[in-house]
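Understanding the architecture of this molecule
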Amino acid sequence: PYHDCPWDNEAVGQSVYLHLIYRAKRYVYITTPYLVIDYSLTIALTTAAKSGVDVRIITPHIADKWYVHALTRAYYEVLIEAGVRIYEYTPGFMHAKSLIADDKVFLGSYNFDYRSSHFNFECGVMLDGATVTEAEHDFEECLALSKPLEHKKNTLPRRLKRTLLTLVAPLI
C-alpha cells in the first residue's frame, strides 16, 4: 500500500507511476478520469511508446467538468504522435484509476493529474499475480466500450484554448 500527503513534498503516486512506466517492457494500460500530466509523465509515456511498449489510455468521453475534459484532450496530440493509443469510454463517466504494466497493477485514488500528485491526500495499492489478470480483463472490457481516437491537428482556436488551459493545469 502507498499513501500521499501534500505536507511531505513527496509525490509518491507519481513516483510509482513513473517507476511502472519506465520498467515496462510489453505494455502499459491506464484508466483515468483526468489526464492532466506534467512533463515527467509526458516524457515517460512517450518514451515507452516510442520504445515499442504498447501504451493505451482510457479516459471518459462524457465529462464531469468541461474544463478538465478540455485540458485532458489538450495532451492527446503529443501522446498520439508518439504512438500512445488513447480511447474515450463512451457509456458514461469513467472514474476508474489504474495503471497495469506487465506483471503489476497499481489501483487507488490517484488520478493522472497535478492535484493528485501534489495537493491531495491519496492512497493506492500495488498488486501482482491473479489481480493483474483480473485488471487486464476489466481493462479489455472497458476498451470494448471505448472509441479509439486518431491523430488529427486541432484548429487554431482549439489549440489556443487548450494551450491556455495547460498554463493553469496545476490549479485544476
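Before reading on, note that the structure itself is shown above.
Residues numbered from 1 in each chain as written. Predicted model: local features only at pLDDT ≥ 70, side-chain atom pairs only at ≥ 80, totals over all residues. Heavy atoms only, no water.

Let's shift gears to the overall build of the chain. Looking only at helices and strands, one finds 7 helices and 10 strands in the chain. Evaluated residue by residue, the chain yields a buried proportion of 49% over its 172 residues. Across the chain, the fraction of contacts at a sequence separation of at least 24, relative to all contacts at a separation of at least 6, is 78%. By element, 58% of the accessible surface of the chain is carried by carbon and sulfur atoms, the whole surface being about 8,800 Å². (Helix = DSSP H or I, 4+ residues; strand = E, 2+ residues; numbered from the N terminus. Buried < 20%, exposed > 50% of the residue type's maximum accessible area, 1.4 Å probe, protein only. Contact = heavy atoms within 4.5 Å. Areas by Shrake-Rupley, 256 points an atom, 1.4 Å probe, with all protein chains shown as cover.)

Attention now moves to the packing of aromatic side chains. Each aromatic ring pair is specified by the distance between its two centres and by the angle formed by the two planes. For the coordinates displayed, the defined rule picks out 9 aromatic pairs. Note on tyrosine 17 and phenylalanine 112: the rings are 4.0 Å apart at their centroids and 10° apart in plane angle, and the pair reads as stacked. Highlighted residues: tyrosine 17 in helix α1 (residues 12–23) and phenylalanine 112 in strand β8 (residues 112–113), separated in sequence by 95 residues. As far as the burial class goes, tyrosine 17 and phenylalanine 112 line up, both buried. Seen from their ring centres, tyrosine 29 and phenylalanine 139 are 4.6 Å apart, and the 5° between their planes marks the pair as stacked. Of this pair, tyrosine 29 sits in strand β2 (residues 27–31) while phenylalanine 139 sits in helix α6 (residues 130–144), placing them 110 residues apart in sequence. Note on accessibility: tyrosine 29 and phenylalanine 139 belong to one class, buried. (Phe/Tyr/Trp six-rings, centres within 6.5 Å; stacked < 30°, edge-to-face > 60°.)

A few words now on the pairing of strand β4 (residues 54–60). With 7 of 7 residues buried, β4 lies mostly within the body of the structure. Residues Asp54, Arg56, Ile58 and Pro60 point to one face of β4 and Val55, Ile57 and Thr59 to the other, with burial holding for every one of them. Note that β2 and β4 share 5 bridges and pair parallel. By the bridge assignment for β4, valine 28 is matched with valine 55. (Pairing = 2+ DSSP bridges.)

As a further point, take the environment of tryptophan 7. Counting through the fold element by element, tryptophan 7 comes out in the loop between β1 (2–4) and α1. Along the sequence, tryptophan 7 and histidine 118 sit 111 residues apart, while their C-alpha atoms lie 8.7 Å from each other.

Now for unusual backbone geometry. Most peptide bonds adopt trans geometry, and most residues besides glycine take a negative phi value. Despite not being glycine, aspartate 102 shows a phi value in the positive range, around 55°. Structurally, the position occupied by aspartate 102 is in the loop between β6 (98–101) and β7 (104–108).

Counted under the stated rule, the structure contains 7 salt bridges. Salt-bridge contacts for lysine 104 lead to aspartate 128; the nearest nitrogen and oxygen are separated by 3.3 Å. Residue lysine 104 is found in strand β7, and its partner aspartate 128 is found in the loop between β9 (122–127) and α6; the two are separated by 24 residues along the sequence. By relative accessible area, aspartate 128 is classed as partly exposed at 45%. (Salt bridge = Lys/Arg side-chain N within 4 Å of Asp/Glu carboxyl O.)

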